[in-house]
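Each chain, letter by letter, is given below.
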Amino acid sequence: MKVGLFIPCYIDQFYPMVAIATMQLLEKMGCEIVFPLEQTCCGQPMANSGFNTLSKGCDRNFVANFSDVDFIVAPSGSCVLHVKEHLADAQNPEAAEFIRTHIFELTEFLTDVLKVEKLDAHFPFSVGWHNSCHGQRGLHLSSMSELVAPHFSKPISLLNMVNGLQLHLPSRIDECCGFGGTFCVFEEAVSVKMGKDRIKDHEENEVEVIAGGDVSCLMHLEGILKRKGSKVRVMHIAEILNSQK
Amino acid sequence: MSARNTIIETVAKNKPALIPLPEMDFSQFETPVDLFEAFSKQLLVVGGRLIEMNDESGLSQLIQQEKSAGVNIINRVTNMGEPDVVPENAAALHAVDKAYISGAFGVAENGAIWVWESAMGQRILPFICQQLVLVLRRKQLVANMHLAYNRINVQEEGFGVFIAGPSKTADIEQSLVIGAHGPKALSVIILH
Amino acid sequence: MSKSHAALAAEFTADENRTDWHDETLWWVRQKRDKAVQQIPEWEILRQWASAIKEHTLSKLDEYLAIFEREAISNGIKVHWANDATAHNEIILKIIKEHSISKIVKSKSMLTEECHLNEYLHQSGIEVIDTDLGERIVQFRGEPPSHIVLPAIHLKKEDVSETFHEHLGTEKGNNDPQYLTESARTHLREKFIQSELAITGVNFAIAETGGFVVCTNEGNADMGAHAAKIHIACMGIEKIIPKAEHLGVFTRMLARSATGQAITTYTSHFHRPRPGQEMHIVIVNNGRSRQLGREDFRNSLKCIRCAACFNTCPVYRRSGGHSYHTAVAGPIGSILNPNLDMKANADLPFASTLCGSCTNVCPVKINIHEQLWKWRQVIAEEGLVAPSKKMSMQVLGYILSKPSLYRLIGKTGRWVLRHMPLLVKFKSLNPWYKQREMPEAPSESFRDWYKKNRRS
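What counts and what doesn't
Residues numbered from 1 in each chain as written. Chains lettered and ligands numbered in written order. Predicted model: local features only at pLDDT ≥ 70, side-chain atom pairs only at ≥ 80, totals over all residues. Heavy atoms only, no water. Helix = DSSP H or I, 4+ residues; strand = E, 2+ residues; numbered from the N terminus. Contact = heavy atoms within 4.5 Å. Areas by Shrake-Rupley, 256 points an atom, 1.4 Å probe, with all protein chains shown as cover. Lys, Arg positive; Asp, Glu negative; His and termini not counted. Charge placed at Lys NZ, Arg CZ, Asp CG, Glu CD. Buried < 20%, exposed > 50% of the residue type's maximum accessible area, 1.4 Å probe, protein only. Salt bridge = Lys/Arg side-chain N within 4 Å of Asp/Glu carboxyl O. Polar contact = N/O pair within 3.5 Å; in protein donor to acceptor, adjacent residues only side chain to side chain. Buried area = accessible area lost by both parts, 1.4 Å probe. Nonpolar A, V, L, I, M, F, W, Y, C, P; charged D, E, K, R; others polar. Phe/Tyr/Trp six-rings, centres within 6.5 Å; stacked < 30°, edge-to-face > 60°. Axes fitted to C-alpha atoms, helices over the stretch in contact; angles between N-to-C directions. Parallel < 35°, antiparallel > 145°, perpendicular 65-115°, else oblique. Left-handed = near helix turned anticlockwise from the far one by under 90°.

Asker: What should I look at first to understand the overall build of chain B in this one?
Answerer: When its secondary structure is counted, chain B shows seven helices and 11 strands. Within chain B, counting contacts between residues at least 6 apart in sequence, those at least 24 apart form 72% of the total. As displayed, chain B has an accessible area near 8200 Å², and 49% of this comes from carbon and sulfur atoms. Across chain B, the 15 positively charged side chains and the 20 negatively charged ones have centroids separated by 3 Å.

Printed below as a string of structure tokens:
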């Protein structure tokens, strides 16, 4: 199984350890990983700011990089959702269609395609889980508190396979952290307040780590945690699932 | 062109292609086995009080007692002789302590009771009285709002209302206060 | 345009304790909603039906409006049509003048807020008493409602106490909601009894029967309508439903979505005026038919004004209704208001993280967060985004479409962050840094690592 690794631009630049963990984890599961070197970004920053038309160049570049794989996997629900909903390439409509239907967020890929049921992972810490909205409400990685529907969570099922990990859920199980793409700067006041409130909710559980499936949310929470000198760390779920004794 | 025609024509021009009405089969929904139990529970939730009686004679006695004790009462309950005539003027009803009105039926899922205009005498009576008493027979209950609307022809009378509990508000800091403008209490007398 | 949502929200959040209180109060309402809907196993089926009934109605709206009019007239109701807000206000003023009326009460109608009816009548020397407790409070204070179901939710009981002390002569410093409500009750019951004309909104208008339904908890719509000799009900064209049986679906959902109640205290069905009474209906367009023609946005007209999307919105809860500077705030307002005035409301579709919770709580399944995204595209296309933002997006789009340029900029950026961090640490120039640290910049990107470790 040939898996194209899509590493969102800000992970590539600022959080390479998340990409490395994602890659190592998938390799452990027996996937053949390729990382197309000319990839950049999914185009979401422009599109969510109202300039979807300006992401055409990104789209073409994305299609050119990911046409030759069985699946595309990324450690980001948000970027995957954007590709699924908006990737278009007038010159290569079929290739774009293939990508839209074969791109997976990491925990979704582990659960639905690789059907992982056990993991050789060890992470003896108290962890709070943050549900990122695009993964949850967009990709349906877990059930949603608003709906009358059976409960499930792909990422939490995976975290439950990790030895030593004590999981704590915040009281508002799926409230947004306030990152929201360019929202985080254009609506700075509300964005930060939302982030502070998420952190407070996790702090009440005395967690050591706030974990999530989207580094963008984590980067925002980390910025607030560091500013107040907190000892709480943020980690991507790939790093936890890839941890061993 | 008249505003009416402008609106209707723009709507006709801009509306989407026909979308069919859904097939609604609400018989698939679970309903409580004991409607009375479910209704009683919901009535408490909406702030109502339940009084059980065997028949109209007990009710008639109660009203007589209250009247002789000087309570300002309007009794509109049927099957108990002539109902009281209700003055038309709202000012004259302002001081009514208690109104007794026959409900048509109750709804188990929410504790609401359907009341027809004809049962009220005047439309404002169940709203302006200080305390409202609705009278129902035990068998006059339906499970949910689908069955409720099945049971009535809403335009049969000029006015009809579902009443669920006393008048209430939570407009000040979400603190629930019973008795906003209308009745401060709602009692439901169930005749067995 | 006056201040933007972002600016008004920043003012709101400046008082952090009050922001917390506002957030928690509305979150509590959201939790009540959750508890109520979780007791209905068929909830998602009801949402499906409610949505489908509304979509069907919109697809035959011209016909249903005509049927409704015909039936209402045969019921003895006078039907008026207003193509815009001004026409709506003029119709009401005309009725008032024809009867030389001065005592008017009004129950909650977001449509009359949208049309600024009170201000309009005030200019003609006519005062309207708002009778919903929350609306009366904000009316005393000269403020607009901040929430379509809970108009005074931005105020604390101390604020209400001050206001009532000033306007109703209540005891200074008595903040007891029971006491304050009781005072308003006495004050407003007097107004009801004196009133000659009552204005109400409409929750549902039934085409086949020519009647309409008004839902309240306080009973104020009924107190007004049944006491006054004239009743005017104002409705937008989208309030129509085809049949009375459809009320079974909507009355199960409205209050559960709004406040977590199984049903509102009063669900009143008006079909004919009482003897000697005049009953009017004003059917208002005010841009709705234009919205109907916008394929991406037409289903915003399915809205039943329950405000569930307000209560769940993490942005609304932390920025308050007034930060939306429109009659209908919150997520639904942010997709309705650009239709009314795109330029003045160009900021609203951006006042969201697109988290999608609004779409999930919506009882009629409006894809609110997707429409917010789509409005952003329309607003950008119309050139209503700040030029600086547009330019930065153009630059970003260019960089990200050129892999080698992207790598160069990434490398340079990380180098700057590591070696000259002060360059990005101007709080006035970098909103990120104002209350957040910058991420640490590693010396190598993943791409660098990959080339070293996986490709030889």
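Asker: Would you mind going over the overall build of chain A with me for this structure?
Answerer: For chain A, the count of helices and strands is 13 helices and eight strands. When the 245 residues of chain A are sorted by exposure, 66% land in the buried category. Sequence separation of 24 or more characterises 76% of the internal contacts of chain A that already satisfy a separation of 6 or more. Of the side-chain charges in chain A, 21 are positive and 30 negative, and the distance between the mean point of each set is 5 Å.

Asker: How should I be thinking about the pattern of salt bridges in this particular structure?
Answerer: Close approach of charged atoms lets side chains of opposite charge pair. With the rule as written, the count across this model stands at 55 salt bridges over all chains. C:Arg414 is the salt-bridge partner of C:Asp448, the closest N and O atoms lying 4.0 Å from each other. Here C:Asp448, found in helix H22 (residues 446-453), pairs with C:Arg414, found in helix H20 (residues 403-419); they are 34 residues apart in sequence, far enough to count as distant. For C:Asp448, a relative accessible area of 27% gives the class partly exposed. Where C:Lys452 meets C:Glu444, a salt bridge forms, and the shortest distance between an N and an O atom there is 2.6 Å. A residue is classified by how much of its surface remains accessible, and C:Lys452, at 61% relative accessible area, is exposed. Judged by relative accessible area, C:Glu444 falls into the partly exposed class, the value being 22%. Among the ionic contacts, a cluster of salt bridges with common partners joins A:Arg172, A:Glu175, A:Lys193, A:Lys196, A:Asp197, C:Glu16, C:Asp20, C:Asp23, C:Arg317 and C:Arg318.

Asker: Hey, could you run me through the environment of B:Arg137 in this one?
Answerer: Residue and element names in this part refer to chain B. Position of Arg137 relative to the elements: it lies in strand E6 (residues 131-137). A sequence separation of 127 residues divides Arg137 from Thr10, and the C-alpha atoms of the two residues are 51 Å apart. Setting aside residues no more than four positions away along its own chain, Arg137 makes contact with Glu56, Asn79 and Leu191. One polar contact links Arg137 to Glu56, side chain to side chain, over a distance of 2.3 Å.

Asker: Can you walk me through the interface of chain A and chain C in this structure?
Answerer: A common measure of how large an interface is: the accessible area buried when the components associate. Each partner contributes residues to the interface: chain A has 69 residues there, and chain C has 77 residues. Summing the contributions of chain A and of chain C, the shared interface buries around 6600 Å²; its carbon and sulfur component is 59%. Counting the contacts that link chain A with chain C gives 13 salt bridges. Between A:Glu27 and C:Arg454 there is a salt bridge whose closest N-O contact spans 2.7 Å. The interface formed by chain A and chain C includes 42 residue pairs in polar contact (both at pLDDT 80 or more). Ranked by residue count, the leading element in the side of chain A that touches chain C is helix H11 (residues 188-203) of chain A, at nine residues. Here the side of chain A that touches chain C is built from residues that sort into 36 nonpolar, 19 polar and 14 charged.

Asker: Explain unusual backbone geometry to me, please; I cannot follow it from the model alone.
Answerer: A negative phi angle is the norm for most residues apart from glycine, just as the trans form is the norm for most peptide bonds. Even without being glycine, A:Glu206 reaches a positive phi, approximately 50°. Within the secondary structure, A:Glu206 is located in the loop between H11 and strand E7 (209-212). At B:Glu173, a position not held by glycine, the phi torsion is positive, near 50°. Mapped onto the fold, B:Glu173 is located in the loop between strand E9 (168-169) and strand E10 (177-178).

Asker: Looking at this model, I keep getting lost on the packing of aromatic side chains. Mind explaining?
Answerer: Given two aromatic rings, one states the distance between the centres and the angle between the planes to describe the pair. Residues and elements named next belong to chain B. On inspection of all chains with the given rule, the structure shows 25 aromatic pairs over all chains. Look at Tyr149 and Phe162: their rings are 5.5 Å apart centre to centre, the planes differ by 70°, and that puts the pair in the edge-to-face class. Taken together, the positions of Tyr149 in helix H7 (residues 145-151) and Phe162 in strand E8 (residues 159-163) put the pair 13 residues apart, joining distant regions of the chain. Given a relative accessible area of 1%, Phe162 falls into the buried group.

Asker: Where do I start with the packing of helix H3 (residues 43-59) of chain C against helix H12 (residues 247-258) of chain C in this structure?
Answerer: Helices that pack against each other are described as a pair by the angle of their axes relative to one another and the distance between those axes. Residues and elements named next belong to chain C. Between H3 and H12, the shortest axis-to-axis distance is 10 Å and the interhelical angle comes to 115°. Put simply, H3 runs roughly perpendicular to H12. When you trace H3 past H12, the crossing you get is left-handed. Along its contact with H3, which presents Trp43, Leu46, Arg47, Trp49, Ala50, Ile53 and Lys54, the element H12 presents Val249, Phe250, Arg252, Met253, Arg256 and Ser257. Its residues placed into classes, the contact of H3 with H12 shows eight nonpolar, one polar and four charged.

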